[in-house]
Amino acid sequence: MDMYDVIVVGAGIEGSSTAYHLAKHGRKTLLLEQFPLPHSRGSSHGQSRITRKAYGEMEHFTVMMKEAYNLWETLEKESGRTIFKKTGMLTMGSADDKFTMGTIRCLQRHAIPHTVLDYNQMKKTYPMVEFPRDFTFVVDKSGGILMADKALMSFHEMFRYYGGTIRDGEEVLEIVPGETVELRTATSRYRAGSVVLTVGAWATKVLPKLQVHLPIRVMRINVLYWKEKVRGRYSPDKFPVFLQENASNGYAVYGLPSEEYPGLVKICLHWGPEVDPDTRDKADDTWVLNTMKKYISKHFPDIEPEPVISETCMYTWSKDENFILDHHPAWRNIVIGAGFSGHGFKLAPVVGKVLAELALNKPPSYDMSPFKVQRFRHNAKL
Ligand SMILES: Cc1cc2nc3c(=O)[nH]c(=O)nc-3n(C[C@H](O)[C@H](O)[C@H](O)COP(=O)(O)OP(=O)(O)OC[C@H]3O[C@@H](n4cnc5c(N)ncnc54)[C@H](O)[C@@H]3O)c2cc1C
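Predicted, not measured: the structure shown is a model, and the values here were computed from it.

Peer 1: What's the story with the site of the ligand in this structure? I'm lost.
Peer 2: Residues in contact with the ligand amount to 35 residues; listed here are only the nearest, Glu-33, His-39, Ser-44, Ile-50 and Cys-313. Within the side chain of Ser-44, a nitrogen or oxygen atom sits 2.5 Å from an oxygen atom of the ligand. Gly-344 places a main-chain nitrogen or oxygen 3.2 Å from an oxygen atom of the ligand. For the ligand, whose unbound accessible area comes to 1000 Å², protein coverage reaches 97%. Counting residues per element, the shell around the ligand draws most heavily on strand 17 (residues 303–318), at three residues.

Right, dumping it as structure tokens:
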């Protein structure tokens, strides 16, 4: 049976970053993935994700984002690929919008370059959008686009470069805890000093088998692309990434400029129907499409209000929208990375660093109290 220092289960962005950090520090590491790579059935595929430094509502992430920017830059240098494109990030809301006001306070407190605009100033900079006149607008100048597929590919490539092994198309069927952990797939058995479980939406299936029942739920997200009426009107040199927290019936909407498909702007509802990760295509998304068509008609006069492309992805939403980054409550050498709640991509380099530290039983670089399994002890059966 092959023996490793650490085995990481799940080769999405969080597991791949973890495996990269472990291999870079000379650990004999195996990365196991159930599907042949690359695949589009999890949460890390696609061309783009938003990144930003401001996290008004959860400031511990702002602290982590400072290092995440540096680590993304390191990955760019190592892989020779451009992963980050700066566009600025626009947030907007009324005077009582907690997200917008929290974002401004966070940007001020952390001295992150930004501008606060009133309606007229906003229209001069971004004439292609329409929002209420009494809104406050704020641009986090550090914001922009992460090239998601390129980032994932770079982690895999550099993991192999540092001596790591990837086995894809191999689902972990059984985890046998102990002083060393045994993993069983349909074709092989592996053993490791510790194991990291970064299985995305499948945490809802894998963790209960280890007696961990977390308040997390899986949602299917429609990734919608809309056609510009005038080609280039929303290109990255003119239009930023944006997030409106209270956009429609309390749901958030986010968007990215026309970048990945020529002439198409990506604008999505930050919510969707609850699904089983193995049967997500069955979900009824009519209400999501109707909500988004109305939103586009109202706020984007220069975009056709009918989506041209619809792709899908999954959020694994934790009850408090914080991640779970912790040791298993009973077995310290099993580490859990789960519940990335639709905002985990930008933080992946830091998440991977911290999960690698936990797997090696080293003191973590950050205060881990927001990420503990035990915070759910009143709601979860452990
Ligand atoms: C539409 C959409 C938009 C998003 N936008 C943003 C954004 O703008 N900014 C941001 O920061 N974040 C964003 N996110 C969130 C971010 O993409 C996710 O938090 C992140 O990709 C989660 O990665 P993961 O590694 O946990 O999950 P995954 O990518 O799903 O990886 C888990 C992997 O584990 C594998 N696996 C599962 N079970 C097993 C098993 N038993 N054996 C072997 N392998 C297994 C799966 O096949 C999968 O490949 C977005 C997510 C979506 C869906």
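Peer 1: Any chance you could explain the sheet that holds strand 8 (residues 144–147) here in plain terms?
Peer 2: The strands making up a sheet associate through hydrogen bonds between their backbones, and the pairing can be parallel or antiparallel. Spatial ordering of the open sheet is given by 3-8-4, a layout of three strands whose pairing is antiparallel. Edge positions in the open sheet fall to strand 3 (48–51) and strand 4 (84–86), since each of these has one partner strand only. The average angle at which neighbouring strand axes cross in this sheet is 30°, direction not considered. Strand contacts of helix 5 (residues 148–161): strand 3 and strand 8, with the helix running at about 45° to strand 8, the strand carrying the most contacts.

Peer 1: For this particular structure, what's the right way to read the pattern of salt bridges?
Peer 2: For side chains bearing opposite charge, pairing can occur when the charged atoms are close. In total, this model carries 21 salt bridges according to the counting rule given. Notably, a salt bridge pairs Arg-375 with Asp-320, separated by 2.6 Å at the nearest N-O pair. Of the two residues, Arg-375 sits in the segment after helix 8 (348–359) while Asp-320 sits in the loop between strand 17 and strand 18 (324–327), which places them 55 residues apart along the sequence. One network of salt bridges, with partners in common, ties together Glu-174, Glu-182, Arg-184, Arg-189 and Arg-191.

Peer 1: Would you mind going over empty space enclosed by the protein with me for this structure?
Peer 2: Where empty space is left becomes clear once a probe the size of a water molecule has been rolled over the atoms. Applying the stated criterion to the full structure yields one cavity of 30 Å³ or more. Those elements that provide at least two residues to the lining of the largest cavity are strand 5 (89–93) and helix 3 (98–109). Residues of the lining of the largest cavity, tallied by class, amount to three nonpolar, two polar and two charged.

Peer 1: Help me understand the packing of aromatic side chains in this model?
Peer 2: How two aromatic rings sit relative to each other is set out by the distance from centre to centre and by the angle between their planes. Overall, the coordinates contain 28 aromatic pairs when judged by the stated rule. Ring geometry for Phe-323 versus Phe-371: centroids 6.3 Å apart, planes at 25°, classification stacked. On the criterion of sequence distance, the pair formed by Phe-323 in the loop between strand 17 and strand 18 and Phe-371 in the segment after helix 8 is long-range, its members being 48 residues apart. Of the two residues, Phe-323 and Phe-371, neither departs from the other in class, the shared state being buried. Through successive ring pairs, a cluster of aromatic residues spans Phe-131, Phe-135, Phe-137, Tyr-234, Phe-239, Phe-242, Tyr-295 and Phe-300. One residue, Lys-28, lies across the ring of Tyr-4, its end atom 4.9 Å from the ring centre. Its guanidinium or amino end placed over the ring of Tyr-55, Arg-52 lies 4.2 Å from that ring's centre, counting from NZ or CZ.

Peer 1: Could you clarify how one ought to interpret the nonpolar core in this entry?
Peer 2: If you look at soluble globular proteins, the nonpolar side chains tend to sit buried side by side. If you look at the biggest cluster of nonpolar residues, it comprises 48 residues, and the most contacted ones within it are Phe-137, Phe-242, Ile-267, Met-292, Tyr-295 and Phe-300. Top contributing element to this core by residue count: strand 13 (residues 216–228), with six residues.

Peer 1: Just checking my understanding: could you explain the layout of surface pockets for this structure?
Peer 2: Reported here for the second largest pocket is a volume of approximately 260 Å³. Along its surface, the second largest pocket is lined by 13 residues, and Pro-38, Asp-149, Leu-152, Met-153 and His-156 are the ones closest to its centre. With five residues, helix 5 is the largest single contributor of residues to the lining of the second largest pocket. Of the residues belonging to the lining of the second largest pocket, the class tally is five nonpolar, five polar and three charged.

Peer 1: In this structure, what is going on with the packing of helix 1 (residues 13–24) against helix 5? I would like to understand it.
Peer 2: A pair of packed helices is characterised by two quantities: the angle between their axes and the separation of those axes. Relative orientation of the contacting elements helix 1 and helix 5 amounts to 30°, with a least axis distance of 9 Å. Classified by the angle their axes make, helix 1 and helix 5 are roughly parallel. Both helix 1 and helix 5 take part in a crossing whose hand is left-handed. Within the contact between the two elements, helix 1 uses Ile-13, Ser-16, Ser-17, Ala-19, Tyr-20 and Ala-23 and helix 5 uses Ala-151, Leu-152, Phe-155, His-156, Met-158 and Phe-159. Looking at the contact of helix 1 with helix 5 residue by residue, the class counts come to nine nonpolar, three polar and no charged.

Peer 1: Got a minute to help me understand helix 2 (residues 59–79) in this structure?
Peer 2: Each α-helix winds once per 3.6 residues, and so residues spaced three or four apart point in a common direction. If you check helix 2, its first and last C-alpha atoms are 30 Å apart, about what 21 residues at 1.5 Å a residue would give, namely 30 Å. The largest bend in helix 2 is about 30°, located at Met-65. Among the residues making up helix 2, those that are buried are Phe-61, Thr-62, Met-64, Met-65, Glu-67, Ala-68, Tyr-69, Leu-71, Trp-72, Leu-75, Glu-76 and Ser-79. Taken from the residues just after helix 2, Gly-80 is the one with a positive phi, measuring 75°.

Peer 1: Sorry, what's going on with helix 7 (residues 286–299) here?
Peer 2: Over its 14 residues, helix 7 runs 20 Å from end to end, which matches the ideal 20 Å to within 8%, given 1.5 Å per residue. Within the span of helix 7, buried status applies to Val-288, Thr-291, Met-292, Tyr-295, Ile-296 and His-299. The buried side chains of helix 7 occupy one side of the element, clustering within an arc of 130° when seen end-on. Counted as exposed and oriented over 90 degrees from the buried face of helix 7: Lys-294 and Lys-298. Looking at the buried positions of helix 7, the neighbouring elements they touch are strand 13, strand 14 (241–248), strand 15 (251–256), strand 16 (264–269) and strand 17.

Peer 1: Explain the side chain of His-270 here, please?
Peer 2: As for its position among the elements, His-270 is in the loop between strand 16 and helix 7. In terms of polar contacts, His-270 uses its side chain to reach the side chain of Tyr-315, at 2.8 Å.

How each quantity is defined
Residues numbered from 1 in each chain as written. Predicted model: local features only at pLDDT ≥ 70, side-chain atom pairs only at ≥ 80, totals over all residues. Heavy atoms only, no water. Near = heavy atom within 4 Å. Polar contact = N/O pair within 3.5 Å; in protein donor to acceptor, adjacent residues only side chain to side chain. Areas by Shrake-Rupley, 256 points an atom, 1.4 Å probe, with all protein chains shown as cover. Helix = DSSP H or I, 4+ residues; strand = E, 2+ residues; numbered from the N terminus. Pairing = 2+ DSSP bridges. Axes fitted to C-alpha atoms, helices over the stretch in contact; angles between N-to-C directions. Contact = heavy atoms within 4.5 Å. Salt bridge = Lys/Arg side-chain N within 4 Å of Asp/Glu carboxyl O. 1 Å grid on protein atoms, 1.4 Å probe; cavity = no way out; pocket = protein on both sides within 12 Å on 5 of 7 lines; lining within 4 Å. Points joined across faces, edges and corners; volume = space filled by probe spheres on them. Nonpolar A, V, L, I, M, F, W, Y, C, P; charged D, E, K, R; others polar. Phe/Tyr/Trp six-rings, centres within 6.5 Å; stacked < 30°, edge-to-face > 60°. Buried < 20%, exposed > 50% of the residue type's maximum accessible area, 1.4 Å probe, protein only. Lys NZ or Arg CZ within 6 Å of the ring centre and 35° of its normal. Core = buried A, V, L, I, M, F, W, Y, C linked by side-chain atoms within 4.5 Å. Parallel < 35°, antiparallel > 145°, perpendicular 65-115°, else oblique. Left-handed = near helix turned anticlockwise from the far one by under 90°. Expected span 1.5 Å × (residues − 1). Bend = angle between axes of the 7 residues up to and from the residue. Arc of directions from axis to C-beta.

By themselves, these observations are geometric and do not establish any function.
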